[in-house]
Amino acid sequence: MMRNKERKLGLYIHIPFCVRKCGYCDFLSAPASEGEWERYVSSLVREMELWKEAASAFEVDTVFIGGGTPSVLSAAQMDRVFQGIADYFPLGENLEFTVECNPGTVTAEKLAAYRRAGVNRISFGMQSAHDEELFRLGRIHTFRDFETSYEQARKAGFSNINIDVMAAIPGQTEKSYEETLLKVISLAPEHISSYSLIIEEGTPFYEKYAENPPVDEETDRRMYEMTGEMLAGAGYGRYEISNYAREGFMCRHNLKYWRREEYLGLGLGAASFVGRCRFSNEREMPLYEKSVGAGRLPVAEREELSADDEQAEFMYLGLRCMSGVSKKDFCDCFGVELAERYGGVIEKWKAGGFLAEKNGRIFLTGRGIDVSNRIFADFI
């Protein structure tokens, strides 16, 4: 099949392992033995091989290895993953290649192996600069562990690093959150992601905090406003509801999700969007390994999107970005004017000061960000 350099593809690789499951985490991840890691890597590389022919029609311009905690794997195991990517996917020259790492699992040796393989972006799950807050979350690292990992990444030659921080942690105050932001800013990463803790059903935190959230809504809101103000003052532009970057360092892979660009997810439970189809892999390890072992793609669910689905996604995903959505792009994509399809919804939220329009683009205002989920629901 002829490779089409104009048809770009993001590649997501899921590593579903961690040292210990955090009390708030509802991601598809769990502790496992080294033998299970080894079997999984073999299955993952086999799945890559199964996609080789179909993937040859694209040019891969972003790779993101997430989890779980990808950095729990040994350097040799990750080398096998890297080699599989290189063997079975047509990689573009201007490739953004990210690996998620957690302090306490990443080492100088692993970081050097990542660099040799072409990884050029690291994302660290720091969460807090206060050890007592990390302990309450169930994290395995201290802030000093994080500082060591960050220093090792810089020494290894990484010049594009993201740091994740979290607000509304049990026991956290506005003051302690401000101290976390100040310490992150002092490290001068290229990208910062800031999320409020969400109490997800089915997690230990849900049992503990569902009826009594650890931080009240007003405090959470002030933390969110503080994030925007402090990071803007330090030279970070907010380009998505929870993401901030220095000029030229927006995460291109994550932008694919919000812009409805094509991406392929490999590994346990990984999700994909190709053409007009959304599909996802088996979420049970035995079923995943059995399918791949038999030479079958481990796809468990598949949905062909209707025109209504696509138009709704265009709006509620696109509005997550501070640049908003383009009226022209909507019309070019769907052959209908945005005002004709969603005029009533847009005018309703513009009247309240939650949406605004400039240069043919519709975007959330500061007030709109606060109630973004309600606005998004109106487009569905």
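These numbers come from a predicted model, not from an experiment.

Enquirer: Is there a simple way to think about the packing of helix α12 (residues 307-318) against helix α13 (residues 327-334) in this case?
Expert: Two packed helices can be described by the angle between their axes and the distance between those axes. Where α12 meets α13, the axes come as close as 11 Å, and the angle between the chain directions of the two elements is 160 degrees. With respect to each other, α12 and α13 are oriented roughly antiparallel. Seen along the crossing, α12 lies across α13 with a hand that is right-handed. Side by side, α12 and α13 meet where Glu310, Gln311, Phe314 and Met315 of the first sit next to Asp329, Phe330 and Phe334 of the second.

Enquirer: Got a minute to help me understand helix α6 (residues 143-155) in this structure?
Expert: One turn of the α-helix equals 3.6 residues, which is why residues spaced by three or four share an orientation. Look at α6: 18 Å from first C-alpha to last across 13 residues, which is about the 18 Å you get at 1.5 Å a residue. Structurally, α6 contributes buried residues whose contacts are with α4 (108-116), β4 (121-127), α5 (131-137), β5 (161-167) and α7 (174-187). At the exit of α6 stands Gly157, carrying a positive phi of roughly 105 degrees.

Enquirer: Looking at this structure, I do not really get the layout of surface pockets. What am I missing?
Expert: Any empty space left between the atoms is revealed when a probe the size of a water molecule rolls over them. The computed volume of the second largest pocket comes to approximately 390 Å³. A total of 4 residues in the lining of the second largest pocket trace back to one element, the largest contributor, which is α12. Here the lining of the second largest pocket is built from residues that sort into 6 nonpolar, 5 polar and 9 charged.

Enquirer: Teacher, can you tell me more about the sheet that holds strand β14 (residues 355-358) here?
Expert: Within a sheet, each strand pairs with its neighbour through backbone hydrogen bonds, oriented either parallel or antiparallel. The strand order β13-β15-β14 describes an open sheet built from 3 strands, whose pairing is antiparallel. If you trace the sheet from one side to the other, it starts and ends with β13 (325-326) and β14, each paired once. Pairing between β13 and strand β15 (residues 361-364): 2 bridges, direction antiparallel. Bridging across to β15, Val325 finds its partner in Ile362. Here helix α14 (residues 338-351) sits on the sheet in contact with β14 and β15, set at roughly 125 degrees to β14.

Enquirer: I keep staring at the pattern of salt bridges and nothing clicks. Help me out?
Expert: Two side chains bearing opposite charge may form a pair once their charged atoms approach each other closely. A complete count under the given rule lists 25 salt bridges for this structure. When the shortest N-O distance is used, the salt bridge between Lys8 and Glu59 registers 2.6 Å. Pair noted here: Lys8 is in strand β1 (residues 8-15) and Glu59 is in strand β2 (residues 59-67), with a separation of 51 residues, a long-range link. On the basis of relative accessibility, which here comes to 32%, the residue Lys8 falls in the partly exposed class. Accessibility expressed as a relative area gives 9% for Glu59, which makes it buried. Here Lys327 makes a salt bridge to Glu357, at a shortest N to O gap of 2.8 Å. Highlighted residues: Lys327 in helix α13 and Glu357 in strand β14, separated in sequence by 30 residues. Given a relative accessible area of 31%, Lys327 falls into the partly exposed group. Counted as one network, the salt bridges with shared partners bring together Glu174, Glu217, Glu218, Arg221, Arg222 and Asp370.

Enquirer: Just to check I follow, could you spell out the pairing of strand β11 (residues 277-281) for this structure?
Expert: Each regular strand displays side chains that alternate between the two surfaces of the sheet. In terms of residue burial, β11 counts as a mostly covered element, since 5 of its 5 residues are buried. Residues of β11 alternate between two faces, with Cys277, Phe279 and Asn281 on one and Arg278 and Ser280 on the opposite face, all of them buried. Where strand β10 (residues 271-274) folds back on β11, the antiparallel hairpin that results is connected by 2 residues, among which Gly275 adopts a positive phi of roughly 65 degrees. In this structure, β11 lies alongside strand β12 (residues 299-304), joined through 5 bridges in antiparallel fashion. By the bridge assignment for β12, Ser280 is matched with Glu301.

What counts and how
Residues numbered from 1 in each chain as written. Predicted model: local features only at pLDDT ≥ 70, side-chain atom pairs only at ≥ 80, totals over all residues. Heavy atoms only, no water. Axes fitted to C-alpha atoms, helices over the stretch in contact; angles between N-to-C directions. Helix = DSSP H or I, 4+ residues; strand = E, 2+ residues; numbered from the N terminus. Parallel < 35°, antiparallel > 145°, perpendicular 65-115°, else oblique. Left-handed = near helix turned anticlockwise from the far one by under 90°. Contact = heavy atoms within 4.5 Å. Expected span 1.5 Å × (residues − 1). 1 Å grid on protein atoms, 1.4 Å probe; cavity = no way out; pocket = protein on both sides within 12 Å on 5 of 7 lines; lining within 4 Å. Points joined across faces, edges and corners; volume = space filled by probe spheres on them. Nonpolar A, V, L, I, M, F, W, Y, C, P; charged D, E, K, R; others polar. Pairing = 2+ DSSP bridges. Salt bridge = Lys/Arg side-chain N within 4 Å of Asp/Glu carboxyl O. Buried < 20%, exposed > 50% of the residue type's maximum accessible area, 1.4 Å probe, protein only.

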